[in-house]
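Next come the chains, spelled out residue by residue.
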Amino acid sequence: MAEKRVYEAWKGSNIFLFNGRLIFGPDARSIVVTILLIVVPVVIFCTFVARHLVHRFPAYNVGFAVLVVAVVFTVYVLVLLLCTSAQDPGIIPRNSHPPEEEMFYESSASVDANGRPTPGLQFPRTKDVIVNGVPVRVKYCETCMLYRPPRCSHCSICNNCVEKFDHHCPWVGQCIGMRNYRYFFMFISSATLLCIFVFAMSALYIKFLKDDHGTVWRAMKASPASVILMFYCFVALWFVGGLTGFHSYLIGSNQTTYENFRYRADNRRNLFDKGCFSNFADVFCSRPIPSKNNFRAFMQEEAPRPPSLRPMPKPIDESSEDRRAKVEDDLEIGNDILKLSRRRNYEDIGDIKTRSSNGSTGHSFGGEFELGSELQAVPLRSEMRRSSWVRRSGSFETLSPRLLGLSSIVTEPQSSNHDQMEVRR
């Protein structure tokens, strides 16, 4: 059987193409819509606007520059879109088992048959790490079985923990994280510039037509494509232009979208802010961070886990009060058994005297009946005491052998007396 590669056994919701070379989010089909929203307006612009502007700038063939800039800039935006959506955004590899070094024994996890708590393995859901000299609480991810690093969050759409998670963008079909954030910002900023360029060139062409036809209305009727492009770019600027401005603010303050929306009302101190210039340099001038996942590597069999060497705590001993109560009950039961044996011996002597004086079997039978009722009453009280002792200790097994021996001494004379009565009958 051929070995599987990592991307073939990937537990996230990602989509892989070209044998694991490209990784997309589960909503990768939305990229097609984004591409059409970029390409279709540019094709209309080149066909109905830029082609006519070539002859408006005859000197030095400047008119051709408008067409070339539109095509090249569009290709550049599409490449940035591909770099944003087709690479690892900073996924942290998930563990195959929880971290053992963080486990501890929880005494109240379960209860055994005797009512005593049985310790069970647990681990804390949060722990503190030091960031710039300040403790920061990080959470444990149940899905990935790891403690998320600071600024990391689990994307519910991709089902992965992403380092420096910003947001999941449906327009690019991918999470935006540490490794693709710069490409995302360059994509939206370049799309903003492309919208401005198309809007400006379309307005310029309307201006040329106004000079030829005398009025703006006639110029708009002469080139309806220019009007449509101006309206489309104006609307698109509110989206991509607004995103560009918002993310420029986030980069300058070294925040992520997730942090800004979640902690904005808390007025927390930003531990990662290094100043506006340094923050921009970290995003655009730093080296690309290599991926922590090799999706094309072959799966390796996991080595068997060694048994945990963490010592299990000793079972909880009974308290001194329980021991004292158990000893007292033991003594009470012993006293009852001694009294019962003395009473039995005394009644046996009285029974013999009665038989020798009366010689009546009827009286003997009545004496036996009365004696039996007394014997039943005494063990009943003993059983009541024993049952109360069981409720405290939970078991008969801790009775001392001496008490069990005394109990057998009492029961043996009773059984022998019963046999003698059967013989007389």
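This section reports on the structure supplied with the text. For every chain, the first residue of the written sequence is number 1, and numbering continues from 1 onward in sequence order. Where totals are concerned, whole chains, interfaces and linings use all residues; where local detail is concerned, this predicted model gives features only for residues with pLDDT of at least 70, and gives and counts side-chain atom pairs only at 80 or more. As a convention, hydrogens and water are excluded, and side-chain values are obtained from all of the structure's heavy atoms.

Now for the overall build of the chain. Put simply, DSSP H or I for four residues or longer makes a helix, DSSP E for two residues or longer makes a strand, and each gets a number counted from the N terminus. A tally of helices and strands in the chain yields 10 helices and 11 strands. Each residue is assigned to one of three classes by its accessible area relative to the maximum for its type, calculated with a 1.4 Å probe on protein chains only: buried under 20%, partly exposed between the two thresholds, exposed over 50%. Looking at the 425 residues of the chain, the share that counts as buried comes to 34%. Contact criterion: two residues are considered in contact whenever any of their non-hydrogen atoms come within 4.5 Å of each other. Here the contacts in the chain between residues at least 6 apart in sequence split such that 64% fall between residues at least 24 apart. Under the convention used here, a 1.4 Å probe and the Shrake-Rupley method define accessible areas, while residue burial counts only the protein chains that appear. With the model as given, the accessible surface of the chain reaches about 26700 Å², and the carbon-plus-sulfur share is 61%.

The next point concerns helix H1 (residues 30-53). It helps to recall that an α-helix has 3.6 residues per turn; residues three or four apart then point in one direction. Helix span is expected to be 1.5 Å times the residue number reduced by one. In a regular helix each residue adds 1.5 Å, so 24 residues correspond to 34 Å; H1 covers 34 Å between its end C-alpha atoms and thus fits that length. Along its length, H1 reaches its greatest deviation from straightness, about 45°, at Cys-46. Inspection of H1 places Ser-30, Ile-31, Thr-34, Ile-38, Pro-41, Val-42, Phe-45, Cys-46, Val-49, Ala-50 and Leu-53 among the buried residues, and these make up the whole buried set. Against strand S2 (22-24), helix H2 (62-85), helix H3 (181-213) and helix H5 (224-253) lie the buried residues of H1. One axis is fitted to the seven residues ending at the residue and one to the seven starting there. The bend at that residue is the angle between these axes.

With that out of the way, let us pick up the state of the cysteines. The criterion for a disulfide is a pair of cysteine sulfur atoms lying within 2.5 Å. This model, assessed by the stated rule, comprises zero disulfides. As a non-bridged cysteine, Cys-155 has Cys-175 as the owner of its nearest cysteine sulfur, 3.2 Å distant. Taking relative accessible area as the criterion, Cys-155 reaches 3% and is therefore assigned buried.

Its identity as a non-glycine residue notwithstanding, Phe-18 has a phi of 55°, on the positive side. The topology assignment puts Phe-18 in the loop between strand S1 (15-17) and S2. Judged by relative accessible area, which is 59%, Phe-18 ranks as exposed. A positive phi angle, near 60°, is found at Asn-19, a position not held by glycine. Among the structural elements, Asn-19 can be located in the loop between S1 and S2.

Here we come to the packing of aromatic side chains. Ring pairs (aromatic) are described by centroid distance and by the angle formed between their planes. Note on ring pairs: Phe, Tyr and Trp rings are taken, using the six-membered ring of Trp, and paired if centres are within 6.5 Å. Classes follow the plane angle, with under 30 degrees stacked, over 60 edge-to-face and the rest tilted. Applying the stated rule across the entire model yields 12 aromatic pairs. Relative to Phe-284, the ring of Phe-280 has its centre 6.2 Å away and its plane inclined at 15°; by these criteria the two rings are stacked. Here Phe-280 and its partner Phe-284 are both found in helix H7 (residues 276-284), four residues apart, which amounts to about one turn of the helix. The exposure class of Phe-284 is partly exposed, given its relative accessible area of 30%. These aromatic residues form a ring-pair network of at least three members: Tyr-7, Trp-10, Phe-16 and Phe-295. The ring of Tyr-147 carries the charged tip of Lys-127 above its face, separated from the ring centre by 4.7 Å. Cation over ring: Arg-151 sits above Phe-272, and NZ or CZ is 4.3 Å from the ring centre. Sitting over a ring, as applied to charges here, requires NZ of Lys or CZ of Arg to be within 6 Å of the ring centre and within 35 degrees of the ring normal.

Position of Pro-93 among the secondary structure elements: in the loop between H2 and strand S3 (104-111). Apart from residues no more than four positions distant in its own chain, Pro-93 is found in contact with Leu-146, Lys-292 and Asn-293.

So, on to the packing of H1 against H5. Direction vectors running N to C along H1 and H5 enclose 150°, while the axes themselves pass 10 Å from each other. As H1 packs across H5, the resulting crossing turns out to be left-handed. Residues Leu-37, Pro-41, Ile-44, Phe-45, Phe-48 and Val-49 of H1 lie in contact with H5, whose contacting residues are Ala-225, Ser-226, Leu-229 and Tyr-232. Gly is placed with the polar residues, together with every amino acid not listed as nonpolar (Ala, Val, Leu, Ile, Met, Phe, Trp, Tyr, Cys and Pro) or charged (Asp, Glu, Lys and Arg). Per-class residue counts for the contact of H1 with H5 are nine nonpolar, one polar and no charged. Helix axes are fitted only over the stretch in contact, all axes being lines through C-alpha atoms; the angle between N-to-C directions runs from 0 to 180 degrees. Left-handed describes a crossing whose near helix is turned anticlockwise from the far helix through less than a right angle; right-handed describes the clockwise counterpart.

Nonpolar side chains (Val, Leu, Ile, Met, Phe, Trp, Tyr) within 5 Å and like charges within 9 Å form the patches, drawn only from residues with over 30% relative accessible area and no salt bridge. By salt bridge we mean one thing: a side-chain nitrogen of Lys or Arg within 4 Å of a carboxyl oxygen of Asp or Glu. Taken together, the side chains of Val-32, Leu-36, Val-40, Ile-44 and Phe-48 define a hydrophobic patch exposed on the protein surface, amounting to about 420 Å² of accessible area. Within the secondary structure, Ile-44 is located in helix H1.

To continue, consider the side chain of Asp-166. Within the secondary structure layout, Asp-166 lies in the loop between strand S9 (160-162) and strand S10 (167-169). Charge convention: Lys and Arg are scored as positive, Asp and Glu as negative, and His as well as the terminal groups of each chain are ignored. At 7.6 Å, Arg-151 is the nearest oppositely charged side chain to Asp-166, a buried residue that forms no salt bridge. Of the polar contacts made by the side chain of Asp-166, one reaches the side chain of Thr-257; its length is 2.7 Å. When residues no more than four places from it in sequence are discounted, the contact partners of Asp-166 are Ile-176, Tyr-181, His-247, Thr-256, Thr-257 and Tyr-258. Whenever a nitrogen or oxygen atom comes within 3.5 Å of another N or O atom, the pair is scored as a polar contact, on the condition that within protein one atom can donate a hydrogen and the other can accept it, and that pairs from neighbouring residues in sequence are kept only if both atoms are in side chains.

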